[in-house]
Amino acid sequence: MTIDGLDWFSAREEGLGNLYEGLLEKNANEKKSGAGQYFTPRVLIDVMTRLVKPQAGERCNDPACGTFGFMIAAHRCVADQTDDFYDLDADVAEFERKEAFTGVELVHDTHRLALMNAMLHDIDGTITLGDTLSNIGKGMKGYDVVLTNPPFGTKKGGERATRDDFTFQTGNKQLNFLQHIYRSLKADGKARAAVVLPDNVLFADGEGEKIRVDLMDKCNLHTVLRLPTGIFYAQGVKTNVLFFTREKADKGSTREVWFYDLRTNMPSFGKTNPLKAEHFTGFEAAYEAADRHGVQDGRWGVFTRKQIADKGNSLDLGLIRDGFVMDYEDLPDPIESGEEAVAQLEEAVNLLKSVVEELKALDGLEV
């Protein structure tokens, strides 16, 4: 059958969109480099979306949308609540199809995959080809929900973002995405985000600390999920999910931050032992508990805003201290340990390159 002869309505009804998503994930998992390196596991996308709870009539966005997986999950979440949008009046249903779910993607090939993925799920929202960290991103604001996993690493050459509206200038790509995200949310006390970020965002000093303080002033950063290693292709990458709500005030919005340690004493995840929904059961129960202080789970803990300030505004907190002797089977996989060491060294080299490039620029040398 040729593409021109395909009945797209029937294709959607028969689940071609789900098949397409599955092929994208399989392709990403088999890639040895490139975009597949940090493909977000479907189970993690689903958990983040389920806890953020997108609602009909809300504007949802992913500023680094890849193949549009987060927005597909958000669309599915709203569809499940509304009998596939049949419970909505015609105007709201049209809004869901054309305006509710949007994104930005920098890479041409990935952008094309995102467009196809959206079409197969009957989503006609805008997917912009461009860089959110350029001035394109200035117009991206007023969102109710942001779900995203920004790309890791520094900008090419270590240069700073070209946005001219960032208060804090840094060459750290994830810190720039973080400032964009919390500023892109409506300041109404209800707009919310869940964002995957590497560990360095939690403890980076200088502009990093200023951005975290600004985040905690403008938003209620209520939860940090410390993710296990090995869930992305690059085994050594350590990541977290930050959950926060944009408040109406610009100061003092965060009173306390809850941490869930899904990293310490966890099994080794990878292609042969993938992350599954049941691994998040304890976290979801703690996250949604009416009384978080009453949750009896050793992985769950809280730090007050003052305690965080006393620690230099670092959010590299909440990991369990090993208080036991490990069995041989509990020891880390030597291959993964080696890959983790390589990843850390590569990150250090990239940071040094970034410093050198900026020093050259300050000296007026040709870069």
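Just so it is clear, the structure is predicted and the values come from calculations on it, not from any experiment.

Engineer: Just checking my understanding: could you explain the overall build of the protein chain for this structure?
Structural biologist: The helix and strand inventory of the protein chain stands at 12 helices and 9 strands. Looking at the protein chain as a whole, 47% of its 367 residues are labelled buried. When contacts within the protein chain are restricted to residue pairs at least 6 apart in sequence, those whose partners lie at least 24 apart make up 77%. Only carbon and sulfur atoms are counted for the fraction: they give 53% of the accessible area of the protein chain, which is about 18300 Å².

Engineer: It is not clear to me how the side chain of Asn313 should be interpreted in this structure. Could you clarify?
Structural biologist: Mapping Asn313 onto the fold places it in the loop between helix H11 (305–310) and helix H12 (334–362). Since its relative accessible area comes to 9%, Asn313 is described here as buried. Not counting chain neighbours up to four residues away, the residues in contact with Asn313 comprise Leu202, Glu209, Arg212, Val213, Met216, Arg305 and Ile308.

Engineer: What is the right way to look at the pairing of strand E7 (residues 239–246) in this model?
Structural biologist: Note on strand geometry: in a regular strand, side chains alternate between the two faces of the sheet. Where burial is concerned, most of E7 is hidden: 8 out of the 8 residues are buried. Examined bridge by bridge, strand E5 (residues 192–198) and E7 share 7 bridges and lie antiparallel to one another. The residue bridging Ala194 from the neighbouring strand is Phe243, located in E7. Here 7 bridges tie strand E6 (residues 219–226) to E7, and the two strands are oriented antiparallel to one another. Looking across to E7, one finds that Val224 is bridged to Leu242.

Engineer: How should the state of the cysteines be read in this particular structure?
Structural biologist: Here a disulfide denotes one covalent bond, and it connects the sulfur atoms of two cysteines. Per the counting criterion, the structure on display carries 0 disulfides. Left without a disulfide partner, Cys60 is nearest to the cysteine sulfur of Cys77, which lies 8.8 Å away. What makes Cys60 buried here is its relative accessible area of 1%.

Engineer: Explain the nonpolar core to me, please; I cannot follow it from the model alone.
Structural biologist: In globular proteins that are soluble, nonpolar side chains generally tend to be buried together. Counting residues in each nonpolar core, the largest one holds 46 residues, and the members touching the most others are Phe68 and Phe243. Contributing elements (two or more residues each) for this core: helix H3 (42–52), helix H4 (69–81), helix H6 (108–120), strand E4 (145–148), E5, E7, strand E8 (256–261) and helix H10 (281–287). If we ignore the near neighbours within four places in the chain, the residues touching Phe68 are Phe101, Thr102, Gly103, Ala114, Ala118, Ile123 and Ile127. Leu133, Leu197, Ile211 and Cys219 belong to the second largest nonpolar core, which has 34 residues in total.

Engineer: Mind showing me how you'd approach H3 here?
Structural biologist: An α-helical turn contains 3.6 residues, so any two residues separated by three or four positions project in the same direction. Within H3, 9 of the 11 residues are buried, leaving the element largely enclosed by the surrounding structure. Looking at H3, one finds that the buried residues are Arg42, Val43, Leu44, Ile45, Val47, Met48, Thr49, Leu51 and Val52. At the exit of H3 stands Lys53, carrying a positive phi of roughly 55 degrees.

Analysis parameters
Starting from 1, residues in each chain are numbered consecutively following that chain's sequence as written. Per-residue local features of the predicted model are confined to residues with pLDDT of at least 70, and side-chain atom pairs are confined, for both listing and counting, to 80 or more; whole-chain, interface and lining totals are unaffected and use all residues. Excluding hydrogens and water, the side-chain values take into account all heavy atoms of the structure. Note on conventions: DSSP H or I runs of at least 4 residues are helices, E runs of at least 2 residues are strands, and numbering of each starts at the N terminus. Here the term buried applies to any residue with accessible area under 20% of the maximum for its type, exposed to any over 50%, and partly exposed to those in between, with areas from a 1.4 Å probe on protein chains only. Contacts are assigned to residue pairs that have any heavy atoms within 4.5 Å of one another. What sets the accessible areas is the Shrake-Rupley method with a 1.4 Å probe; for residues, cover comes only from the shown protein chains. Only strands joined by at least two bridges in the DSSP assignment are considered to pair. Disulfide assignment relies on a single distance test, namely cysteine sulfur atoms paired within 2.5 Å. Buried residues of nine kinds, namely Ala, Val, Leu, Ile, Met, Phe, Trp, Tyr and Cys, make up a nonpolar core once their side-chain atoms join them within 4.5 Å.

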